[in-house]
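# Structural characterization, general
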Amino acid sequence: MTNPILKRVAVRKYTSEKVDSEAVDRMIAAFQAAPCGMHETDVMQLTVVEDDQLLQQIERATDNACYDAPLLFVINVKKDRRFGQRDASCAAENIMIEATSLDLGSIYTMSGATGLNAVPELQEQISSPGYETCVIVAVGHSAEFPTEDRSHRYHVIRK
C-alpha cells in the first residue's frame, strides 16, 4: 500500500531521532493547505515544537499524551469560534498524511490539548492570547509499525 491516506496509522512509540528541517517544512506546507470554514484564516495558528526542554514540559503537562515524540504540531484555535475545531482537525489530517508520505509516524491527540490548556503558563508559550490548543499532532520516526486492517472499520451505506 503506497497511498499515504490508506497507509497512515496511529503511532505511539518513536525513536529519539530528530525530524529533519525539510520534512518539517513539508508538514508546515500541508498545514497551510488545509481548508478553513468561511475563509476565516485568522481562527487557527500552528506552533511547531522541536525544543527538547519544551517537549519535556509538554509531556509532563499532558501526562505523556504525546508519547515522547521529538516533534509536535500544536494547533491552536480562537476560543468560541464556529469553525476552529473543524479546521484544526482538517489541518491535523493534512499533517499526518504528509508525515506518512515522508515515512514518519504520527498520532492525533486531543487529550494532550486538554492537558496543555490546563497549564496557563505553558499555554502562554504555545499560543497567542485568545487562543487555546485544540489538537496536538505528535510526529517522529516510528519505533513501532502497526499493521491493523482498516479497510472495513466503519459502516458504509451506498445508495
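Quick look at the structure, then. (Residues numbered from 1 in each chain as written. Predicted model: local features only at pLDDT ≥ 70, side-chain atom pairs only at ≥ 80, totals over all residues. Heavy atoms only, no water.)

### Topic: the overall build of the protein
Here is the rule: Helix numbers and strand numbers start at the N terminus; a helix is a DSSP run of H or I with at least 4 residues, a strand a run of E with at least 2. Based on C-alpha atoms, the radius of gyration is set beside the globule rule, defined as 2.2 Å times the residue count to the power 0.38. Only protein chains enter the accessibility calculation, which uses a 1.4 Å probe; a residue is then buried when its area is under 20% of its type maximum, exposed when over 50%, and partly exposed in between. Any two residues whose heavy atoms approach within 4.5 Å are treated as being in contact. Accessible surface area values rest on a Shrake-Rupley calculation with a 1.4 Å probe, where residue burial reflects the displayed protein chains alone.
Per the secondary structure count, the protein includes six helices and four strands. Helices and strands in the protein line up, N terminus first, as α-α-β-α-β-α-β-α-α-β. In terms of overall size, the protein behaves like a compact globule, its C-alpha atoms giving a radius of gyration of 16 Å where 159 residues would be expected to give roughly 15 Å. Considering only C-alpha atoms, the protein reaches an extent of 45 × 40 × 30 Å along its principal axes. Residues counted as buried form 43% of the 159 residues belonging to the protein. A sequence separation of at least 24 residues applies to 80% of the contacts in the protein between residues at least 6 apart. Summed over all atoms, the accessible surface of the protein reaches about 9400 Å², with 49% contributed by carbon and sulfur.

### Details of helix 5 (residues 110–117)
Rules: Each direction from the helix axis to a C-beta atom contributes to the arc, which is the arc of those directions.
Within helix 5, burial applies to G112, A113, G115 and L116. Across the axial projection of helix 5, the buried residues extend over an arc of 165°, all falling on one side. Exposed positions of helix 5 whose direction lies more than 90 degrees from the buried face are M110, S111 and T114. Against the buried residues of helix 5 lie helix 3 (52–61), strand 2 (71–78), strand 3 (105–109), helix 6 (120–126) and strand 4 (131–140).

### A short note on a negative patch on the surface
To keep things clear, this is the line we draw: Note on patches: the residues involved have over 30% relative accessible area and no salt bridge, like charges join within 9 Å, and the nonpolar side chains Val, Leu, Ile, Met, Phe, Trp and Tyr join within 5 Å. Salt bridges are defined by distance alone: a side-chain nitrogen of Lys or Arg within 4 Å of a carboxyl oxygen of Asp or Glu. Think of it this way: Lys and Arg go in the positive column, Asp and Glu in the negative one, and His and the chain ends go nowhere. Think of each charge as sitting on NZ of Lys, CZ of Arg, CG of Asp or CD of Glu.
A contiguous patch of negative charge on the surface is contributed by E17, D20, E22, D25 and E50. Tracing the sequence through the fold places D25 in helix 2 (residues 21–32).

### Remarks on unusual backbone geometry
Here D63, not a glycine, exhibits a phi torsion of approximately 55°, which is positive. As for its placement among the helices and strands, D63 is situated in the loop between helix 3 and strand 2. Relative accessible area serves as the criterion here: at 69%, D63 is assigned to the exposed category. A positive phi is found at D68, a non-glycine position, where the angle reads about 55°. Residue placement: D68 occurs in the loop between helix 3 and strand 2.

### A word on the pattern of salt bridges
Inspection of every chain in the model, using the stated rule, returns five salt bridges. Linking E98 and R26 is a salt bridge whose minimum nitrogen-to-oxygen distance equals 2.8 Å. With E98 in helix 4 (residues 84–101) and R26 in helix 2, this pair connects stretches of sequence that are 72 residues apart. Classification of E98 as buried rests on a relative accessible area of 18%. Of the charged contacts in the structure, one is a salt bridge between D42 and K78, with a shortest N-O distance of 3.0 Å.

### Re the sheet that holds strand 4
Under the convention used in this document: Only strands that DSSP links by at least two bridges are regarded as paired with each other. Helix axes are fitted to C-alpha atoms over the stretch in contact, other axes to C-alpha atoms as well, and angles between N-to-C directions run from 0 to 180 degrees.
With antiparallel pairing, four strands are arranged side by side in an open sheet as 1-2-4-3. Each edge of the open sheet is held by one strand with a lone partner, namely strand 1 (44–49) and strand 3. Each neighbouring strand pair of the sheet contributes to a mean axis angle of 20°, computed without reference to strand direction. Judged from the five bridges that link them, strand 3 and strand 4 form a sheet pairing that is antiparallel. Directly across from Y108, in strand 4, lies its bridge partner V137. Docked against the sheet, helix 5 engages strand 2, strand 3 and strand 4, running at close to 130° with respect to strand 4.

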